Amino acid sequence: MQLKLSALRLTFAPVLLIAPFFLWGTAMVAMKGVIPHTTPLFMAGVRLLPAGVLILIAAAFMGRPQPKTWAAWLWIALFALVDGTLFQGFLAEGLVKTSAGLGSVMIDSQPLAVALLSLWLFQERIGFWGWLGLALGVTGISLIGLPDEWIFQLFDSGTNVTIGNWQDLFASGEWLMLLAALSMAVGTVLIRFVCRHADPVTATGWHMILGGLPLWGVSSVVESQQWQNLGASDLAALSYATVFGSAIAYGLFFYFASSGNLTSLSSLTFLTPIFALLFGNLFLSEVLTPLQWLGVFLTLISIYLINQRDTLAGHNDKINAGEQANIQQSVLESSAKKFNPVGTRE
């Protein structure tokens, strides 16, 4: 019976790994109609504070330990500042000001920063196939997010995308999305240091609460009419983005980031715009162009190359198998504590 349960959990391990990116992509679709009816910093706080409370409630039922030392709280506070306040603040402000596709390209380019930081701090091997996969991933999300006319102009002459164009872009908010991407990348790396002093699940919950409080504080001073124009559909979209797009998605992501290979895990971020496009097509009747379909194909190829880079390079699979074992063990432990808390105490 125990073997059957273990096999079942291993079967669902890939689903749990992909779940955060599916939830982020669908949450972006849900938030599209909410943005005109509220303010960015208030919306960012809504995505963090209630979600953090939900994670801490779940952690209590799971028997997860609370932070106990000053070092733990200091690391959580830094994590909250970078991945909570800065990331969600830049992201929310950028969503209001950015153009249709370029913002998503910038935010989903953060695996490059994660790969460089992981190489520097943790000596995670990337190799030729890994770098090729990262390059294809950025190319893929560029084809997905950038306007088709920009891409055709770039290949036609290379001169029509002028300096003035880029100055206008960064003045309109894309630089905020770039800062958001860098904040998320640093936050992904920080979880490794946080987990040396605190449990990853409770740390994720507290970082969302501590990161959301400054956003609501600033919103109360500089923004107005935060909730007066919200309708029933807006509240439903906010609820989905909070519960599924934040609490569940971030809880799973940072749990895996605390033990798995950061470069491989972060590469799955390239899936987020794909899910956003597919569900935008399904619910908002958004049509994908041939270039966007090509971008989807390149993005999926890039994820395969990054996650199979050691095998493709002909290296011994011990390193890769160890990384997969860590992730699968994390899934098993998490699943056991979530779905069978009594049995885990035996």
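What you see is a predicted model; the values in this text were computed from it and never measured. (Residues numbered from 1 in each chain as written. Predicted model: local features only at pLDDT ≥ 70, side-chain atom pairs only at ≥ 80, totals over all residues. Heavy atoms only, no water.)

## Remarks on the overall build of the protein chain
Put simply, the test is: A run of DSSP states H or I qualifies as a helix once it reaches four residues; a run of E qualifies as a strand once it reaches two. Both are numbered from the N-terminal end. The contact criterion used throughout is that any non-hydrogen atoms of two residues lie within 4.5 Å.
Across its full length, the protein chain carries 17 helices and zero strands. Contacts in the protein chain between residues far apart in sequence, at least 24 positions, make up 89% of those at least 6 positions apart.

## Focus: the packing of helix α2 (residues 40-62) against helix α11 (residues 232-257)
Selection rule: Working convention: axes come from line fits to C-alpha atoms, limited for helices to the stretch in contact. Angles between N-to-C directions cover 0 to 180 degrees. These descriptions rest on fixed angle ranges, namely under 35 degrees for roughly parallel, over 145 for roughly antiparallel, 65 to 115 for roughly perpendicular, and the rest for oblique. Left-handed describes a crossing whose near helix is turned anticlockwise from the far helix by less than a right angle; the clockwise case is right-handed.
For the pair α2 and α11, interaxial distance at closest approach is 8 Å and the crossing angle is 55 degrees. Between α2 and α11, the angle is such that the two are oblique. You can see that α2 and α11 cross each other, and the crossing is right-handed. Note on element contacts: α11 touches α2 through Leu238, Ala241, Thr242, Val243, Gly245, Ser246, Ala247 and Gly251, opposite Met43, Val46, Arg47, Pro50, Ala51, Leu54 and Ile55.

## Quick word on the pattern of salt bridges
Using the following cut-off: For salt bridges, the criterion is a side-chain nitrogen of Lys or Arg within 4 Å of an Asp or Glu carboxyl oxygen. Summary of the burial criterion: residues with accessible area below 20% of their type's maximum are buried, those above 50% are exposed, and those between are partly exposed, where the area comes from a 1.4 Å probe applied to protein chains only.
On inspection of all chains with the given rule, the structure shows one salt bridge. Here aspartate 199 and arginine 64 are joined by a salt bridge, their closest N and O atoms 2.8 Å apart. With aspartate 199 in the loop between α9 (174-194) and α10 (200-222) and arginine 64 in the loop between α2 and α3 (70-97), this pair connects stretches of sequence that are 135 residues apart. Arginine 64 carries the same exposure label as aspartate 199, and that label is buried.

## Describing the packing of α2 against α10
In contact at an axis separation of 7 Å, α2 and α10 are set at 150 degrees when each is read in the N-to-C sense. Our classification of the angle between α2 and α10 gives roughly antiparallel. For α2 against α10, the interelement crossing comes out left-handed.

## Structural notes on the nonpolar core
Under the convention used in this document: Put simply, a nonpolar core is a bunch of buried Ala, Val, Leu, Ile, Met, Phe, Trp, Tyr and Cys residues held in one set by side-chain atoms that sit within 4.5 Å of each other.
Grouped together as the largest cluster of nonpolar side chains are 64 residues, with contacts concentrated most on Phe21, Trp24, Leu238, Leu265, Leu268 and Leu271. Tallying contributions element by element places α11 first for this core, with 12 residues. Not counting residues within four places of it along the chain, the set of residues in contact with leucine 268 comprises Leu17, Phe21, Ile303 and Asn307.

## Looking at the environment of threonine 204
You can see threonine 204 is positioned in helix α10. Spatially, the C-alpha atoms of threonine 204 and leucine 56 are 8.5 Å apart, while their sequence positions differ by 148 residues. If near-sequence neighbours (up to four positions away) are discounted, threonine 204 is found in contact with Ile55, Phe79, Tyr250, Gly251 and Phe254.

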